[in-house]
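# Structure at a glance
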Amino acid sequence: MRITGISTHVVGTPWRNLTYVQVHTDEGLTGVGETRMLGHTDALLGYLREAEANHILGSDPFAVEDLVKRMKYGDYGRAGEIVMSGIAVIEMACWDIKGKALGVPVWQLLGGKVTDKVKAYANGWYTTERTPEAYHKAAQGVMERGYRALKIDPFGTGHFELDHQQTLYAVSLIEAVRDAIGPEAELMLEMHGRFSPATAVRLARELAPFKPAWLEEPVPPENFKALEKVAAKVDMPVATGERIHDRIEFRELFESQAVDIIQPDVGHIGGIWETRKLAATAETHYMLVAPHNVGGPVLTAASLQVGFTAPNFKILEHFNDFADAEIKKVVKGAPQVNPEDGCFHLSDAPGLGVELDVDAAAEFPQQQARFDLWAEGWEQRKPKGPQ
């Protein structure tokens, strides 16, 4: 079997463009991959056009390791977010083809299942007015859909510091959310790399009474020493990793023991097998894995293949019941959270278990998507456009 070409389909919303890539073969099988780029969608499409000619055409989709190696190192330049995302969408699609050809789900090819279900947590649910009352109501709505966990960044446009008044307001938002979801649900606290170490530590202590399940990306991701400083002073699990694009770059993070939960994005770190390798390394450091997942149904399905096979997999992020939920229809067989237990359940469908509906995808053309975490009202995910 050989790859005969690829086709790309961008599904657009005002705040995110989702890039779907189909890999076609000479035996008629087609696989699909997905990633979500922030402001770099056209760059990804340009890279894929070159990679198709240089590396992908004529390749054996079963030889996933070889194709990834050639795409990553064959151009000599160091692979960053764009190249690793391009590798990821092709890699996912190859696993999809391989599973379909063999008539088994991808998780079966990764060593088999260790669990029948993966817990989900909701994100993208707090697109309302930024008040305790509105957040309380929205959080209740998440619980009513069966979720047992959710995540929130309550810090507005905070950057390095957060003054006393803004701090009190952020605390009031979290207090309202905890009251709405009750004591048993997990509440993930997101900082989006906003703060200096001192501010992150102060805020973590202010919010500790509400029992956050983790403190996510408390400082910008480029400086692991700053992260170590935070981890040494807070009494809650620390999570990070969504903006690390090569599993090799996790080495310093593992050595520092500064985090408890790593959050690779399957769509940015080279795909399913790269993430599974990373999870195995994390296991040797007694760390959990909870992938960043701001993509659509294909990226969710790909992340779940790791989830069903990794003993140290904690939970999976899910946006698609809340922010622009209508994009779920672009995929047939989209993973769904079971309202009875707030989990994704194991699927025996071959490959990734999903199919891209090209006609449905065409209903959501690419947009000049804009997501600025430093802009007032960013959490509503309704960008106002260039200023």
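Keep in mind that this is a model prediction, so the values were computed, not measured.

### Quick notes on the packing of helix α10 (residues 272-284) against helix α11 (residues 297-307)
Running from N to C, α10 and α11 cross one another at 35°; their axes reach a closest spacing of 9 Å. Like other packed secondary-structure pairs, α10 and α11 cross with a definite hand, here right-handed. Counted together, I272, T275 and R276 of α10 and A302, Q305 and V306 of α11 form the full contact between these two elements. For the contact of α10 with α11, the residue count by class is 3 nonpolar, 2 polar and 1 charged.

### Re the nonpolar core
Residues I90, W125, L150 and I272 are the most contacted members of the largest nonpolar core, which totals 117 residues. By residue number, the principal contributor to this core is helix α3 (residues 81-102), which donates 11 residues. Here this core spans two domains, since at least three of its residues come from each of domain 1 (3-104) and domain 2 (108-352). The residues contacting L150, other than those within four sequence positions of it, are Y121, A122, W125, A139, V142, M143, V177, I181, E186, L187 and M188. Grouped together as the second largest cluster of nonpolar side chains are 9 residues, A149, A213, A239 and I261 included.

### A short note on the packing of aromatic side chains
With the rule as written, the count across this model stands at 12 aromatic pairs. Considering the side-chain rings of W95 and W273, the 6.2 Å spacing of their centres and the 55° angle between planes classify their relative orientation as tilted. Within this pair, whereas W95 is found in helix α3, its partner W273 is found in helix α10, the two being separated by 178 residues in sequence. Take W95: its relative accessible area is 6%, and that puts it in the buried class. With a centroid separation of 5.1 Å and an interplanar angle of 65°, the aromatic rings of W125 and Y126 are classed as edge-to-face.

### Describing the UniProt feature "domain: Mandelate racemase/muconate lactonizing enzyme C-terminal" (unreviewed entry) in the chain
Residues given the UniProt feature "domain: Mandelate racemase/muconate lactonizing enzyme C-terminal" (unreviewed entry) here are residues 132-237. The span residues 132-237 carries 47% helix and 11% strand; its end-to-end C-alpha distance comes to 25 Å.

### As for the pairing of strand β6 (residues 186-190)
With respect to burial, β6 is a largely interior element, 5 of its 5 residues being buried. Of the two faces of β6, both are covered, the one formed by E186, M188 and E190 as well as the one formed by L187 and L189. Crossover strand β5 (residues 149-152) to β6 through helix α6 (residues 164-181) is right-handed. Note that β6 and strand β7 (residues 214-216) share 3 bridges and pair parallel. Each bridged residue has a counterpart across the sheet, and for E190 the counterpart in β7 is E216. Crossover connection from β6 via helix α7 (residues 197-207) to parallel β7: handedness right-handed.

### A short note on the packing of α3 against α10
Two elements in contact, α3 and α10, have axes whose closest approach is 8 Å; the angle formed by their N-to-C orientations is 95°. Taken as axis vectors, α3 and α10 run roughly perpendicular relative to one another. Residues E91, M92 and W95 of α3 pack against I272, W273 and E274 of α10. Looking at the contact of α3 with α10, its residues break down into 4 nonpolar, no polar and 2 charged.

### Thoughts on α3
With 22 residues, α3 should reach 32 Å at 1.5 Å per residue; the first-to-last C-alpha distance of 31 Å fits that figure. Here α3 lies mainly inside the structure; 18 of its 22 residues are buried. Immediately beyond the C-terminal end of α3, within one or two residues, lies G103, with a positive phi of roughly 75°.

### Notes on the sheet that holds strand β3 (residues 30-37)
In spatial order, the strands read β1-β2-β3; together these 3 strands make up an open sheet with antiparallel pairing. The sheet is open, and its two edges are formed by β1 (3-12) and β3, each paired on a single side. Put simply, the sheet's adjacent strands are angled 20° from each other on average, direction ignored. As defined by bridge partners, strand β2 (residues 17-25) adjoins β3 across 8 bridges and the pair is classed as antiparallel.

### Some thoughts on the environment of V106
Note on placement: V106 falls in helix α4 (residues 106-109). On the basis of relative accessibility, which here comes to 0%, the residue V106 falls in the buried class. Between the alpha carbons of V106 and Y126 there is a distance of 33 Å; along the sequence they are 20 residues apart. Aside from chain neighbours lying at most four places away, what touches V106 is W95, D96, I272, Q305, G351 and L352.

### Thoughts on the domain arrangement of the chain
As assigned here, the chain comprises domain 1 (3-104) and domain 2 (108-352). Placing a centre on the C-alpha atoms of domain 1 and another on those of domain 2 gives a separation of 25 Å. Taken together, the contact between domain 1 and domain 2 spans 33 residues of the former and 36 residues of the latter. Each partner contributes to the roughly 2,700 Å² buried at the junction of domain 1 and domain 2, and carbon and sulfur atoms together form 61% of this total. Summed over the shared surface of domain 1 and domain 2, the number is 4 salt bridges. Among the salt bridges present, the one from D324 reaches R16, with a minimum N-O distance of 2.5 Å. Across the contact surface, domain 1 and domain 2 share 22 residue pairs in polar contact (both at pLDDT 80 or more). Secondary-structure elements contributing two or more residues to the side of domain 1 that touches domain 2 are β2, β3, α2 (64-73) and α3. When residues in the side of domain 1 that touches domain 2 are grouped by element, the largest group, 13 residues, is from α3. Taken together, the residues of the side of domain 1 that touches domain 2 sort by class into 15 nonpolar, 7 polar and 11 charged.

Cut-offs applied
- Residues numbered from 1 in each chain as written.
- Predicted model: local features only at pLDDT ≥ 70, side-chain atom pairs only at ≥ 80, totals over all residues.
- Heavy atoms only, no water.
- Axes fitted to C-alpha atoms, helices over the stretch in contact; angles between N-to-C directions.
- Helix = DSSP H or I, 4+ residues; strand = E, 2+ residues; numbered from the N terminus.
- Left-handed = near helix turned anticlockwise from the far one by under 90°.
- Contact = heavy atoms within 4.5 Å.
- Nonpolar A, V, L, I, M, F, W, Y, C, P; charged D, E, K, R; others polar.
- Core = buried A, V, L, I, M, F, W, Y, C linked by side-chain atoms within 4.5 Å.
- Buried < 20%, exposed > 50% of the residue type's maximum accessible area, 1.4 Å probe, protein only.
- Domains from an automatic or database assignment.
- Phe/Tyr/Trp six-rings, centres within 6.5 Å; stacked < 30°, edge-to-face > 60°.
- UniProt positions renumbered as here; feature names shortened; annotations may be inferred.
- Right-handed = clockwise from strand over helix to strand, strands pointing away.
- Pairing = 2+ DSSP bridges.
- Parallel < 35°, antiparallel > 145°, perpendicular 65-115°, else oblique.
- Expected span 1.5 Å × (residues − 1).
- Buried area = accessible area lost by both parts, 1.4 Å probe.
- Salt bridge = Lys/Arg side-chain N within 4 Å of Asp/Glu carboxyl O.
- Polar contact = N/O pair within 3.5 Å; in protein donor to acceptor, adjacent residues only side chain to side chain.

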